[in-house]
Amino acid sequence: MTMVEFPEGFVWGAATSGPQTEGNFHKQHQNVFDYWFATEPEQFDAGVGPDTASNFYNDYDHDLALMAQAGVQGLRTSIQWTRLIDDFETASLNADGVAFYNHVIDSMLAHHITPYINLHHFDLPVALYDKYHGWESKHVVELFVKFAEQCFKLFGDRVDHWYTFNEPKVVVDGQYLYGWHYPQVINGPKAVQVAYNMNLASAKTVARFHELCVRPEQQIGIILNLTPAYAASDDPADLAAAEFAELWSNNLFLDPAVLGHFPEKLVERLTMDGVLWDATPTELAIIAANPVDCLGVNYYHPFRVQRPDISPKSLQPWMPDIYFKEYDMPGRMMNVDRGWEIYPQAMTDIARNIQKNYGNIPWMISENGMGVAGEERFLDKQGVVQDDYRIDFMKEHLTALAKGIAAGSNCQGYFVWSGIDCWSWNHAYHNRYGLIRNDIHTQTKTLKKSAKWFAELGERNGF
Ligand code: BGP
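Predicted model, so just to flag it, every value in this text is computed and none were measured.

Parameters and conventions
Within every chain, residues take consecutive numbers counted from 1 along the sequence as written. Whole-chain, interface and lining totals are the exception, using all residues; otherwise, since this is a predicted model, local features are given only for residues with pLDDT of at least 70 and side-chain atom pairs are given and counted only at 80 or more. Counting from the N terminus, the helices are the DSSP runs of H or I reaching at least four residues and the strands are the DSSP runs of E reaching at least two. What the globule rule says is 2.2 Å times the number of residues to the power 0.38, and the radius of gyration is computed from C-alpha atoms. A residue is called partly exposed when the number of other C-beta atoms within 10 Å of its own lies between 12 and 20, exposed at 12 or fewer, and buried at 20 or more, with C-beta atoms placed from the backbone. Contacts here follow a simple rule: the backbone-placed C-beta atoms of the two residues must lie within 7 Å. Note on pairing: two strands pair once DSSP finds at least 2 bridges between them. By convention the nonpolar core is taken to be a set of buried residues drawn from Ala, Val, Leu, Ile, Met, Phe, Trp, Tyr and Cys and joined through C-beta atoms within 7 Å. Under the convention used throughout, the expected extent of a helix is 1.5 Å for every residue step, that is, one less than its residue count. All residues are tested the same way: a C-beta atom is placed from the backbone, and lying within 6 Å of a molecule or strand makes the residue near it. Residues are sorted three ways: Asp, Glu, Lys and Arg are charged, Ala, Val, Leu, Ile, Met, Phe, Trp, Tyr, Cys and Pro are nonpolar, and all the rest, Gly among them, are polar.

**What to know about the overall build of the chain**
Line of reasoning, step 1. Counting its secondary structure elements, the chain contains 15 helices and 19 strands.
Line of reasoning, step 2. Against the compact-globule benchmark of 23 Å for 463 residues, the chain has a radius of gyration of 21 Å, which places it among compact chains.
Line of reasoning, step 3. Seen through its principal axes, the chain has C-alpha atoms that stretch 60 × 55 × 50 Å.
Line of reasoning, step 4. Buried positions account for 48% of the 463 residues belonging to the chain.
Line of reasoning, step 5. Considering only residue pairs separated by 6 or more positions, the chain has 77% of its internal contacts joining residues 24 or more positions apart.

**Focus on the sheet that holds strand S8 (residues 229-231)**
Line of reasoning, step 1. Strand order in the open sheet formed by 3 strands is S8-S10-S11, and the pairing between neighbours is mixed. Strand pairing shows two members of the sheet lacking a second neighbour, S8 and strand S11 (325-326), which therefore form its edges.
Line of reasoning, step 2. Judged from the 3 bridges that link them, S8 and strand S10 (residues 303-306) form a sheet pairing that is parallel. Bridge pairing in S10 places Tyr230 opposite Arg304.

**Comments concerning the nonpolar core**
Line of reasoning, step 1. Membership of the largest hydrophobic core comes to 131 residues, with the highest contact counts inside it found for Ala70, Ile222, Val305 and Leu401.
Line of reasoning, step 2. Contacts of Ile222, omitting those with residues within four sequence positions, involve Tyr163, Thr164, Phe165, Ser202, Phe253, Ala257, Val292 and Leu295.

**Remarks on helix H3 (residues 56-69)**
Line of reasoning, step 1. Helix length check: H3 (14 residues) gives 17 Å between terminal C-alpha atoms against 20 Å at 1.5 Å per residue, more than 12% under.
Line of reasoning, step 2. Every buried residue of H3 is accounted for by Phe56, Tyr57, Asp63, Leu64, Leu66 and Met67.
Line of reasoning, step 3. Those residues of H3 hidden inside the fold are in contact with strand S1 (11-15), helix H1 (18-21), strand S2 (74-78), helix H5 (95-110), strand S18 (436-439) and strand S19 (444-447).
Line of reasoning, step 4. Note on H3: the residue one or two positions beyond its end, Gly71, has a positive phi of about 80°.

**Describing the site of the ligand**
Line of reasoning, step 1. Around the ligand lies a shell of 15 residues, among which Asn166, Glu167, Gly371, Ser424 and Asn431 are the nearest.
Line of reasoning, step 2. Of the residues contributing to the shell around the ligand, the split by class is 3 nonpolar, 9 polar and 3 charged.

Pasting the structure below:
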């Protein structure tokens with residue numbers, strides 16, 4: 001009996017990204033992660049970098065065939081700027097890159113997998129960091145739009161669903177605040193400018209998209225990691241911390257992308273602190289005139305916060321942490337391998353927030369999934385990973401999502417992270433997320449138990 005049902009036409013998909021799957025075969029340029037691995041391999045789990053990843057460059061047709069078997073109806077992946085473009089200033093094309101992405105898109109269509117193409121997944125070309133300091137520069141904004149324009153012209157005949165960025169907030173946090181990602185700059189005011197420049201780049205890309213891709217079914221969105229900020233208690237100091245955390249972590253990208261303007265309270269606060277971004281009236285008018293058509297939401301864990309324990313003056317230069325501190329809720333359910341709290345209820349809260357405050361814009365879950373270490377432990381005699389924990393994780397999150405949809409939220413799909421075990425940023429291959437196992441020593445790929453479950457989920461449109 002089907003107990004949790006989804007609306008007709010709901011898309012059951014998977015998500016991956018270029019830098020985490022392709023491998024660096026025939027790639028002209030390095031992105032920031034390629035460069036970081038080449039210079040500091042010790043920053044990556046077991047010293048494993050993205051050079052082979054899951055060998056998607058060579059194995060894409062086979063991978064897509066397996067994903068089709070796992071019931072994947074749509075695949076969200078990304079085009080690497082460093083693979084498609086030869087000269088970043090002019091956006092001249094790399095012939096091998098063009099051929100590769102053409103083959104991948106054609107192969108997806110041949111396997112009845114709808115392409116959802118994202119243009120940036122943390123993978124800034126390192127040359128643009130060296131020359132212009134990357135997203136700190138408005139010139140890089142212009143270069144990104146030129147790259148996007150090439151993608152629309154080359155692949156817009158077959159691709160209807162596009163995204164400007166994946167999790168731009170992670171670029172702000174990882175590259176400019178907390179040192180998780182190269183270039184490990186720790187500087188709040190620069191982070192603020194980077195956030196603004198990425199919002200501007202997204203709006204300019206949306207504008208260009210609407211000039212070039214005019215079929216009514218063509219849409220462009222942005223993918224945000226919308227983690228609701230929950231206060232540790234009802235104490236006014238904790239509530240104030242959660243209010244700022246929500247503005248800084250979610251509304252900073254969500255409001256300009258969907259509503260066309262930055263949240264007033266955040267602008268006031270940054271102005272008071274003397275760290276507001278440099279923006280011109282013309283740029284703000286571009287942001288106002290070019291909201292996205294749809295949203296992708298990545299959700300893994302909640303963001304719990306409490307009052308900060310540092311005085312504003314003690315942090316120089318400015319850091320957003322003067323307003324909040326992360327909080328580990330006692331008794332929380334954990335994914336111990338990844339160190340993330342498991343809290344499915346947030347799916348309902350996200351759905352409600354989009355419905356209530358963002359005009360019920362069409363959206364989908366563009367990533368959700370469970371990363372587990374040492375999955376060989378769960379191989380059965382037939383060599384199938386018995387990943388019941390992953391099935392349970394999806395069931396719990398889908399149940400909470402279905403509640404939001406039943407209440408009227410316009411969620412149109414669920415894309416699991418990930419289709420096939422892939423390379424992850426700092427953690428390399430430590431945690432596996434795939435519906436399909438990848439033995440990285442032999443590059444042998446096999447369906448896990450969750451893949452079969454996922455295929456049934458799509459057939460029944462529920463479970
Ligand atoms: C998201 C990224 C993905 C993926 C995922 C899992 O933030 O968009 O690229 O990596 O997180 O996280 P991790 O790989 O760090 O375990």
